[in-house]
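A structural walkthrough
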Amino acid sequence: PWQDDHGDVHINRGYRVEFNSALGPYKGGLRFHPSVSLGTVKFLGFEQIFKNALTGMPIGGGKGGADFDPKGRSEDEIMRFCQSFMTELYRHLGEYTDVPAGDIGVGTREIGWMFGQYKRITNRYESGTLTGKGLAWGGALVRPEATGYGAVFFLQEMMKVQGRSVDGRTCVVSGAGNVAINAIAKLEQLGGTVVACSDSQGYVYDPDGIHLPTLREVKEVERKTLEAYAERRPNSQHHVRGNIWEVPCEIALPCATQNELNASDAARLVANGCLAVAEGANMPTTPDGIEILRQGGVLFGPGKAANAGGVATSALEMQQNAARDSWSFSKTEAKLAEIMSSIHEQCAATAEAYGRPGDYVLGANIAGFVKVAEAMCALGLI
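Now for a description of the structure that goes with this document. (Residues numbered from 1 in each chain as written. Predicted model: local features only at pLDDT ≥ 70, side-chain atom pairs only at ≥ 80, totals over all residues. Heavy atoms only, no water.)

Overview of helix α4 (residues 146–161)
Heads up, the condition is: Only runs of H or I of at least four residues qualify as helices and only runs of E of at least two qualify as strands under DSSP, and these elements are numbered from the N terminus. Helix span, as expected, comes to 1.5 Å for every residue beyond the first. Here the term buried applies to any residue with accessible area under 20% of the maximum for its type, exposed to any over 50%, and partly exposed to those in between, with areas from a 1.4 Å probe on protein chains only.
With 16 residues, α4 extends 23 Å from end C-alpha to end C-alpha; this agrees with the ideal 22 Å at 1.5 Å per step. Counting buried positions along α4 yields 13 of 16 residues, so the element is predominantly enclosed. At the exit of α4 stands G163, carrying a positive phi of roughly 70°.

Take a look at the structure:
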């Protein structure tokens with residue numbers, strides 16, 4: 001229960017699925033979105049187990065959230081909901097038990113309000129109980145950038161195998177949130193040109209390349225739609241209708257939400273000469289879409305592997321919290337790049353070993369599953 005600014009009481013349903021802790025404490029994000037249901041959380045938690053296993057870090061899998069919709073709510077209303085949510089959740093958490101992070105609708109601000117409530121109730125300053133914290137109170141450098149950067153690092157490794165690079169490539173990134181913005185930033189650092197991104201109100205096409213400072217100002221500071229971006233960039237076009245995957249590109253990164261890239265979208269990407277797709281979101285490509293990309297010879301990095309950078313850096317944040325330490329940006333980014341390279345190597349080697357070279361979906365699924373299964377057997381959970 002929570003109270004809005006007019007004094008009216010609202011009730012939302014919250015969830016936390018602690019799915020598997022064979023490799024370490026439950027680890028996975030909290031999502032605030034009206035679409036959240038028990039089925040959604042279970043499905044995402046199941047995927048999280050194997051994604052976390054691929055990182056090589058000692059973390060299990062879980063997921064949580066609530067059907068609360070932060071859109072259109074004031075800061076005070078969101079804070080009150082975060083505090084109410086944590087009042088119910090706190091008893092299940094702990095640095096050796098369950099360590100949530102943020103997800104859709106939950107950023108550093110919301111993590112701060114929840115951590116404050118956890119601290120208030122327990123009278124313990126356990127930094128390692130939540131990740132994605134602010135830098136001033138136990139957070140880690142690179143954590144905000146980690147999922148977007150990690151997806152691009154994985155993409156880079158896939159392309160290296162074929163003797164290609166990101167440099168000079170035309171890219172499209174769906175979404176305009178934290179993951180998408182940081183994926184765009186890393187693609188640009190590596191020489192790619194991102195010509196389109198999207199939000200819930202459509203997509204913007206900028207033939208000169210997405211101007212990152214303007215995008216950050218519109219989405220992170222002003223919290224406006226991409227229409228505001230188009231108004232400030234005269235050569236760009238804002239499309240309320242249509243589909244971002246209509247924009248021709250050589251590299252596509254779906255970074256918005258699940259099931260956003262379907263079979264017809266995949267066919268369009270293949271027809272337009274797309275070389276590689278790396279998932280920055282949680283399972284944004286439908287199964288039939290993945291099959292079309294595979295048949296079309298498009299390199300495909302599944303979210304289980306490609307978007308593991310966020311949770312990997314969360315584990316690095318836990319490591320720093322446990323040691324009462326703080327690492328530099330360059331040190332943390334180097335560790336992230338190393339983890340993503342290792343994930344790529346595991347996926348590629350496993351796919352090769354099982355007779356499907358280049359099939360990163362099969363490689364990621366089997367490599368993650370085997371790690372968890374072996375740990376469960378070793379712990380006597382047969």
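Picking up where we left off.
A word on the sheet that holds strand β13 (residues 299–301)
The test is simple: Here, any two strands with at least 2 DSSP bridges between them count as paired. Comment: axis = line fitted to C-alpha atoms, over the contacting stretch for helices; angle = value between 0 and 180 degrees taken between N-to-C directions.
The mixed open sheet is built from seven strands, whose spatial order is β10-β9-β8-β7-β11-β12-β13. Two strands in the sheet have a free side with no partner beyond their single neighbour: β10 (237–239) and β13. Between one strand and the next, the sheet's axes are offset by a mean angle of 15°, whatever the strand orientation. The pairing of strand β12 (residues 276–278) with β13 spans three bridges and is classified as parallel. Its bridge partner being in β13, A276 is matched across the sheet by L299.

Observations concerning the pairing of strand β7 (residues 170–174)
Under the convention used in this document: Handedness rule for crossovers: strands pointing away from the viewer, path from the first strand over the helix to the second running clockwise, crossover right-handed.
Of all five residues in β7, four are buried; the element is thus mostly enclosed. Here β7 pairs with strand β8 (residues 193–199) via three bridges, running parallel. The residue bridging T170 from the neighbouring strand is T193, located in β8. In this view, the connection linking β7 to its parallel neighbour β8 by way of helix α5 (residues 178–189) has right-handed handedness. Two elements, β7 and strand β11 (residues 251–254), share four bridges in a ladder whose sense is parallel. Residue pairing across strands places S174 opposite P254, the latter belonging to β11.

What to know about the packing of aromatic side chains
Note the threshold: Aromatic rings from Phe, Tyr and Trp, taking only the six-membered ring of Trp, are treated as a pair when their centres fall within 6.5 Å; an angle between ring planes under 30 degrees marks them as stacked, one over 60 as edge-to-face, and anything in between as tilted. The rule for a charge over a ring is simple: NZ of Lys or CZ of Arg within 6 Å of the ring centre, and within 35 degrees of the ring normal.
Inspection of every chain in the model, using the stated rule, returns 13 aromatic pairs. Measuring from centroid to centroid gives 6.1 Å for F50 and F369, while their planes differ by 35°, and the two rings are tilted. In this pair, F50 sits in helix α1 (residues 38–54) while F369 sits in helix α13 (residues 360–378), placing the two residues 319 residues apart along the sequence. Measuring from centroid to centroid gives 6.4 Å for Y149 and F153, while their planes differ by 80°, and the two rings are edge-to-face. In this pair, Y149 and F153 are both assigned in helix α4, four residues apart and thus about one turn of the helix distant. F153 carries the same exposure label as Y149, and that label is buried. Chaining the aromatic ring pairs together yields one cluster made of W2, F32, F68, F81 and F85. Across from the ring centre of W327, 5.2 Å away, lies the NZ or CZ of K335, which sits over that ring.

So, the nonpolar core
Selection criterion: As used in this record, nonpolar core signifies buried Ala, Val, Leu, Ile, Met, Phe, Trp, Tyr and Cys residues forming a set joined through side-chain atoms within 4.5 Å. Contact criterion: two residues are considered in contact whenever any of their non-hydrogen atoms come within 4.5 Å of each other.
F154, L155, V173, L187, L215, L253 and I343 are the most contacted members of the largest nonpolar core, which has 59 residues in total. No other element matches the nine residues that α4 contributes to this core. The contact partners of V173, leaving out residues within four places of it in the chain, are A180, I184, L187, V194, A196, C197, S198, I244, L253 and C255. With 19 residues, the next largest nonpolar core counts F32, L93, I111 and F115 among its residues.

As for the pattern of salt bridges
What counts here: By definition, a salt bridge exists where a carboxyl oxygen of Asp or Glu is found within 4 Å of a side-chain nitrogen of Lys or Arg.
One pass over the full model with this rule turns up 22 salt bridges. Across the salt bridge formed by E77 and R73, the nearest N and O atoms sit 3.5 Å from each other. When the shortest N-O distance is used, the salt bridge between R294 and E291 registers 2.7 Å. In this pair, R294 and E291 both sit in helix α9 (residues 287–295), three residues apart, roughly one turn of the helix. If you follow the salt bridges from partner to partner, you end up with E217, E222, K224 and R232 in one network.

Concerning the side chain of T147
By the secondary structure assignment, T147 is in helix α4. On the basis of relative accessibility, which here comes to 11%, the residue T147 falls in the buried class. Look past the residues within four positions of T147 in its chain and what remains in contact with it is V179, G280, N307, G309 and G310.

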